[in-house]
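What the coordinates show
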Amino acid sequence: MTGFERGLATAKGLLLPVFAAALLSGCVVGPDYRTPLLAVPATWSDRKVTKPTKPAQLSKWWLTLRDPELNALVEEAGAGNLDVATAKAKIREARASYRQSAGALLPSLDGSASATRNKSAATTSSSNSVYSEYQAGFDASWELDLFGANHRAVEAARYGLDASEEELRSTLLTLVGDVASNYVQARGYQTRIALARRSAASQRQTAELTRTMALAGTATAADVAKAMGQASSTEAGVPTLEASYAEAVHRLSVLTGRPPAALAGRLKRPTSIPTPRLPIPTGIPADILLTRPDVRMAERQYAQYTAKIGQAEAALYPGVSLTGNISTSALKLGDLGRNSTIGWSFGPTLSVPLFNAGQLQAAVDIARAQRDQYFVAYKAAVLTALEDVENTTIALSQERIRNGKLASSAKSYGDAARLERTLYKAGETSLLDVLDAQRSAYSADDALLQSRVSIATDYIALNKALGGGWDDTIDNSKPEIIDAKTGPRLASNTQ
């Protein structure tokens, strides 16, 4: 065995027992995280039964709208949306931060080598005054995690990774809702534009009929002007609807990661307003804690800042680090490790916080205050989620009632307009009655279409409030994690 090999073996013999002893004697300070139990209502306000409610089926809920174009746009948005791309980058950042934190638990080892050309100042006249020197060695260091500062850092990084994944889910949930809502709005505007044009055409037919009657002496020029004015008034609403339709299409294009006008040709052909399959099960209020990604994200952030308290508390205690090095030098490269000088050193370094003017304790107090803030944010997220579901549930149920009344109203006004026009042809009613009936029929039909859009929009909002989305959004491959108490295990989003 060469001198270098003997020195390396000696250093290993000294280091390894100390490393093992440090692992066994370490402890973790700070509070251990426990998932908080929040009081939530047993049922929603519109549910009077006490038996368990069927859980909401929220996976890919937009498929129930039965619109292939919408399904395609949702998939394209998930792949191309810039907010989603940003959220995915944050996940990659969180995973890298986790690996970085986990690396602090292990020793570090650095290798070094050098080759220098030297000249001795004392023997400038000697032919041997110029010589080469070669050096090689290793430096090792390890901060012993006696009070769990690094373990808590890893724990916080893991919770941060979980939070970033929930943020992606929340971004996708919002994205799907925005795509579906804007798509429904676009189809609604198309349908309303078609209605306005049909109504204006019918009103112009009435104006032409009035013109013919004026030539026959049974109507006046004023009657013709009134009929033409109503038709023009109806047509005047079309540009506003066209502008709103264009805005909805532009928003859809941007949501899918495209320029604003990219979908104009694709959606130009009108189709019907998507009709949701009603009613939908809403489960129980406690499901919100499991299905809403923004609620789960808030809970993970609360867990993350709970772990950071342990990080801050560990700084109050002494720190121990082990350092060691072994090096060899020779005048010839081939002599390294054989006919060379061997040197090594090893020893612990102890640091004890003696006086810091209360800064370390202040850091602990800051960490606790931050933990409390995130707990309040978690409770606020739960209450907001419950409020969203209650509001959208009531809005949807009331809009369905309103839609039934509007459908009856539209039918009655339509029948009245047709009857008034027939009577007008026969000279048995006035033009004012015809114009009033046509105006009322158009308003009733337009209100009915808007109600259909509102039902679909409320349906979308309810699914969003319940936390509906994909089941396979996040890549299931996770890094190994190191628990503060139990050691290495696989990462999980559940506690």
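Here the focus is unusual backbone geometry. Excluding glycine, a negative phi dihedral is what most residues carry, and trans is how most peptide bonds are arranged. With a phi angle near 50°, lysine 60 is a residue other than glycine that sits in the positive phi range. Topologically, lysine 60 is positioned in the loop between helix H1 (3-25) and helix H2 (68-80). The phi dihedral of alanine 357 falls on the positive side, at around 55°, and the residue is not glycine. Take alanine 357: it is sitting in the loop between strand E4 (341-351) and helix H8 (359-425). The exposed category is assigned to alanine 357, whose relative accessible area is 57%.

Bringing the environment of arginine 368 into the picture now. Counting through the fold element by element, arginine 368 comes out in helix H8. Setting aside anything within four residues of it in sequence, one finds arginine 368 in contact with Ile309 and Glu313.

We now examine the packing of helix H3 (residues 82-103) against helix H4 (residues 149-215). Packed helices, taken two at a time, are described by the angle their axes make and the gap between the axes. Relative to each other, H3 and H4 sit at 170°, their axes nearing to 8 Å. Regarding the angle of H3 to H4, the classification is roughly antiparallel. Class assignment for the residues of the contact of H3 with H4 results in 13 nonpolar, five polar and seven charged.

This part takes up the packing of aromatic side chains. Aromatic rings considered in pairs are described by the distance between their centres and by the relative angle of their planes. Using the criterion set out here, one finds seven aromatic pairs in the structure. Centre to centre, the rings of tyrosine 33 and tyrosine 302 are 5.5 Å apart; their planes meet at 75°, and the pair counts as edge-to-face. In this pair, tyrosine 33 is assigned in the loop between H1 and H2 and tyrosine 302 in helix H7 (residues 293-314), connecting sequence segments 269 residues apart. With respect to class, tyrosine 33 is no different from tyrosine 302; both count as buried. Between tryptophan 61 and tyrosine 459, the aromatic rings sit 6.3 Å apart at their centres with planes inclined by 75°, giving edge-to-face as the arrangement. Of this pair, tryptophan 61 sits in the loop between H1 and H2 while tyrosine 459 sits in helix H9 (residues 431-466), placing them 398 residues apart in sequence. Both residues of the pair, tryptophan 61 and tyrosine 459, count as buried. Pairwise contacts between aromatic rings join Tyr33, Tyr159, Tyr302 and Phe375 into one cluster. Sitting over the face of the ring of tyrosine 159, arginine 158 holds its NZ or CZ atom 4.7 Å from the ring centroid. The ring of tyrosine 305 has lysine 308 sitting right over it, with the charged end atom 4.4 Å from the ring centre.

About the thresholds
- Residues numbered from 1 in each chain as written.
- Predicted model: local features only at pLDDT ≥ 70, side-chain atom pairs only at ≥ 80, totals over all residues.
- Heavy atoms only, no water.
- Helix = DSSP H or I, 4+ residues; strand = E, 2+ residues; numbered from the N terminus.
- Buried < 20%, exposed > 50% of the residue type's maximum accessible area, 1.4 Å probe, protein only.
- Contact = heavy atoms within 4.5 Å.
- Axes fitted to C-alpha atoms, helices over the stretch in contact; angles between N-to-C directions.
- Parallel < 35°, antiparallel > 145°, perpendicular 65-115°, else oblique.
- Nonpolar A, V, L, I, M, F, W, Y, C, P; charged D, E, K, R; others polar.
- Phe/Tyr/Trp six-rings, centres within 6.5 Å; stacked < 30°, edge-to-face > 60°.
- Lys NZ or Arg CZ within 6 Å of the ring centre and 35° of its normal.

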